[in-house]
Structures are given as C-alpha cells and as structure tokens.
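Working through the structure, step by step
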Amino acid sequence: MRSVIYSISTFLTGIMAMLTVGITSNLANGLGVPSRSLGILISVYTLTFAISGPIINTVLNKVHDQPVIITSFIIFTLGNLLAFFSKNLSMLVVSRLVTAIGAATLVVRLLNQAAIITHSGSILTTVYMGFSLANAIGLPLSTFAGEYLNWRYIFLIISVLSAIVTIIFGIDSDKLILTDNIAVTKKNNQALGQENTDESLKFISIIIITMLVLAANASFIAYLSPFSNKIGYSNRYLTISMLILGIGSLVGSKIGGSLGDKKKPQIFYQMALILFLGSAILMLCVARVNLIIFWIILFLWNATQWITGPLGVMLITKLTNKYRNTALSFNTTAQNLGASLGSFAGQMFLNTAAIQYLPIVSILFLGIALIILNASKLKLNQ
C-alpha cells in the first residue's frame, strides 16, 4: 500500500513540471494568448520549486512529517484547482506558483520518510519510480490528453487524484507516515554532537554533484532532436528514442534504490558517475555508427544518470541528521538549477561549435563532478 501511494504521489508532482509543454496549443487557444508567452509557466514552477523547498523545509525542520505531508498535498490540490478555474494567464501563473510550493515541500518529506524506514533503499526506489514514470510517460501522456480534453479538465483530474491521495494519507497516516523509534532518535541525537564542518562539506559536495549531473544530462537531452538529426537519424525515430530514455530512467532508479541498501553506497555512486561519463564519451565517439548503437548508448545514458539520484539522497541522509530535511531540499533545488544550467550551457556551446560535438559539455560537467567527489574523500560511518 505504501509503495503504491508513494509512487502515485511522486508521479503527480513529477508530471507537473513539464505538463504545460504537452498542452501548449490547447492552453494558447483557451486563454487567447500566443504560444511563446506560455514558457513562463515552466519557469515559474521550476524556480518556485527550487527556491521555496529549502526555505519552507528549513522553517518547518522540527515539525513532524505527518502534518507537513498532508498540508503540502492540500496546497498542491488547491493549486491545480486554481488552474482549473483560471480565466487568464496571470491567474494560471499564480496557480503554478501555489502548486510548486506544495510539491517542493511534499517531495522532501517523502524522501525524509525513505530515510527513516528500515529498507530505505527500497523505499527510495519507490519514491524515484514515480519521478521516472513522470519522466517516461508524463509528457506524451499530457500531449495525448491535450488532443481530446480541454486543458482545464487535465488540471481537474490531477486535483481529484491528489485529493484522493490526501484523504488516504489522512486516514492511514499511522501506516503510511512513520516516525523514528526511540533507539533511532537517540542515535540521531548522539550523531548531532558529532556533526562538524567536515561532514557538512561532504553532503554539500553531494548537492553540487547532483547539480552537475543534472546539468550534464540536460545539456544534451534538451537538444536530442537536432543532435540525432545531425548524426543521421530522422525525427521519425525520436519517439522511440524518448521511450528508451524513459525505460532507462525506470531501470536506473530501480538499480540506484537497490544499491542504496548495500554497504558503502558511495562506491556505487562513484561507479555510476564513471559509467555516465563513459556513456557520454561513447555518445561523442560511436553514436553515429548505427541507430541500434545510438539507442543502446541512450539507454545507458539515462540509466546511469538515474542511478545517481537515489544513491545521492541515501548519502545525504547518512551524512547529516540535524539538517536532513534542509539538505534534501537543497538537493531537489540543485536538480532544478542543474537542468537550467545544462540547458544554458548547451545553448552557449552550440553558438560556437557544431552540434555533433555536444556531448563534450556533458563530459566536462561529469569530469568536474568526479573531481569534487574524490576531493571530498567521502566516507560514511555505517
């Protein structure tokens, strides 16, 4: 039961970031605005998500997860209801802001739940599986729905689903939302006195690496269509390429969560970064050989990138107790900032170099990430 509800929760929050991309024409026609003006809906959501998460979770750091999760879901639901009733673009922008605040707070608390459950790696897999599904089918699903439904009803459907999940969390909160037992709390309190600047620098390094990994991914994936065209593969194969990326994210998040249960997850974290770097090098060197090889590299690309997600969260939760929620908030912020940084870096590179060399940007980001990881001398007291 917990696994299903957690997956649905993260899927609903994950799908919201790029939802408006798939229904752009529908929105433009319904609101009577040009399509180019709708980019603000994505920017407002991602920036609000990135900024509000750390602030809210720092303020509410000592508040138990149960009321925060339920309240966050209520805010998320109200934000989508506001979108349903929006009569103009300004009102829709406000709805996206409200939705992002609820989602940013909710995601961190669900990750925190994963940290206090015995088989935390398995639960992390569940949490990230929702994100993976949103990444794999969210955009095509919203695009398909936009062809048959008025855009308002898409937001209404999400509102109804999130309201149902909110009610389930409220009714079964004792089973769905766990607390630290006395032994764990005592252990954490002892650990608080042991935390020092060195440990803080270690989890900060993980947050920076998270940003660099997402930047490495976005700098290439944002321009996948023109890149694949340049190396000889037409747009008719783009849907399959996107599907392969989605499958890679599902497999990667599953593997990453499973590895989080092993001893010394920092070793697997480093290995995943190295494999991601290897896939970027392969993309640069041999992706143009034939279409099958290109798809295999795409799968490795996204699988290895998504392996780092749950492993990075696992490392953060083991490196800090006092500021765990705050650290997780900054980690989600780093993901959003990394995606923006990568997209910008890719555009800057394309202003001066040919697109077939675009993986060089990812290679540089990942090289810096590995240097930071090795410099941090990451060791855990397990």
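Residues numbered from 1 in each chain as written. Predicted model: local features only at pLDDT ≥ 70, side-chain atom pairs only at ≥ 80, totals over all residues. Heavy atoms only, no water.

**Some thoughts on the overall build of the chain**
Definition in use: Helix numbers and strand numbers start at the N terminus; a helix is a DSSP run of H or I with at least 4 residues, a strand a run of E with at least 2. Contacts: residue pairs with any heavy atoms within 4.5 Å of one another.
The helix and strand tally for the chain stands at 17 helices and 0 strands. Taking all contacts inside the chain whose residues are at least 6 apart in sequence as the whole, residues at least 24 apart take part in 85%.

**Points about the nonpolar core**
Basically, it comes down to this: By nonpolar core is meant a set of buried Ala, Val, Leu, Ile, Met, Phe, Trp, Tyr and Cys residues that side-chain atoms within 4.5 Å join together. Only protein chains enter the accessibility calculation, which uses a 1.4 Å probe; a residue whose area is less than 20% of its type maximum is buried, one above 50% is exposed, and one in between is partly exposed.
By size, the foremost hydrophobic cluster in this structure holds 100 residues, and its most contacted members are F169, M283, F294 and L298. For this core, the leading source of residues is helix 15 (residues 291-319), giving 13 residues. Sequence-distant contacts of M283, that is, excluding residues within four places in its chain, are made with F220, F227, F294, I297, L298, W301 and P359.

**Details of the pattern of salt bridges**
For the record, the criterion: In the sections that follow, a salt bridge refers to a side-chain nitrogen of Lys or Arg positioned within 4 Å of a carboxyl oxygen of Asp or Glu.
A full pass over the atoms with the stated rule returns 1 salt bridge. As a salt-bridge pair, R109 and D65 come within 2.8 Å of each other at their nearest N and O atoms. Residue R109 is found in helix 6 (residues 89-116), and its partner D65 is found in helix 5 (residues 65-85); the two are separated by 44 residues along the sequence. According to the relative accessible area criterion, R109 is buried, its value standing at 0%. For D65, a relative accessible area of 4% puts it in the buried group.

**A look at the confidence of the model for the chain**
Formally: Values of pLDDT, the confidence the predictor places in each residue, fall between 0 and 100.
Residue-level pLDDT values for the chain average 83, and 86% of them are 70 or greater. Least confident of the elements in the chain is helix 10 (residues 182-194), whose mean pLDDT is 43; most confident is helix 17 (residues 359-375), at 95. A low-confidence stretch, residues 181-195 stays under pLDDT 50, and its non-local contacts, those more than four residues away or across chains, total 10 contacts.

**Re the side chain of T10**
Our working definition: In protein, a polar contact requires one atom able to donate a hydrogen and another able to accept it; more generally it is a pair of N or O atoms within 3.5 Å, and residues adjacent in sequence count only if both atoms are side-chain atoms.
Looking at the element boundaries, T10 is found in helix 1 (residues 2-16). Of note is the side chain of T10, whose polar atom sits 3.2 Å from the backbone oxygen of S7.

**Re the packing of helix 14 (residues 265-285) against helix 17**
For clarity, the threshold we go by: Here the axes come from fitting lines to C-alpha atoms, over the contacting stretch only for helices, and the angles between their N-to-C directions go from 0 to 180 degrees. Small angles under 35 degrees read as roughly parallel and large ones over 145 as roughly antiparallel, with 65 to 115 read as roughly perpendicular and the rest as oblique. The handedness criterion is simple: a crossing whose near helix is rotated anticlockwise from the far helix by less than a right angle is left-handed, and one whose near helix is rotated clockwise is right-handed.
One can describe the packing of helix 14 onto helix 17 by two numbers: an axis separation of 9 Å at closest approach and a directional angle of 160°. Between helix 14 and helix 17, the interaxial angle falls into the category roughly antiparallel. Considering only the axes of helix 14 and helix 17, their crossing is left-handed. Here Y269, Q270, L273, I274, F276, L277, A280, I281, M283 and L284 of helix 14 lie close against helix 17, whose contacting residues are P359, I360, S362, I363, L366, L370, L373 and N374.

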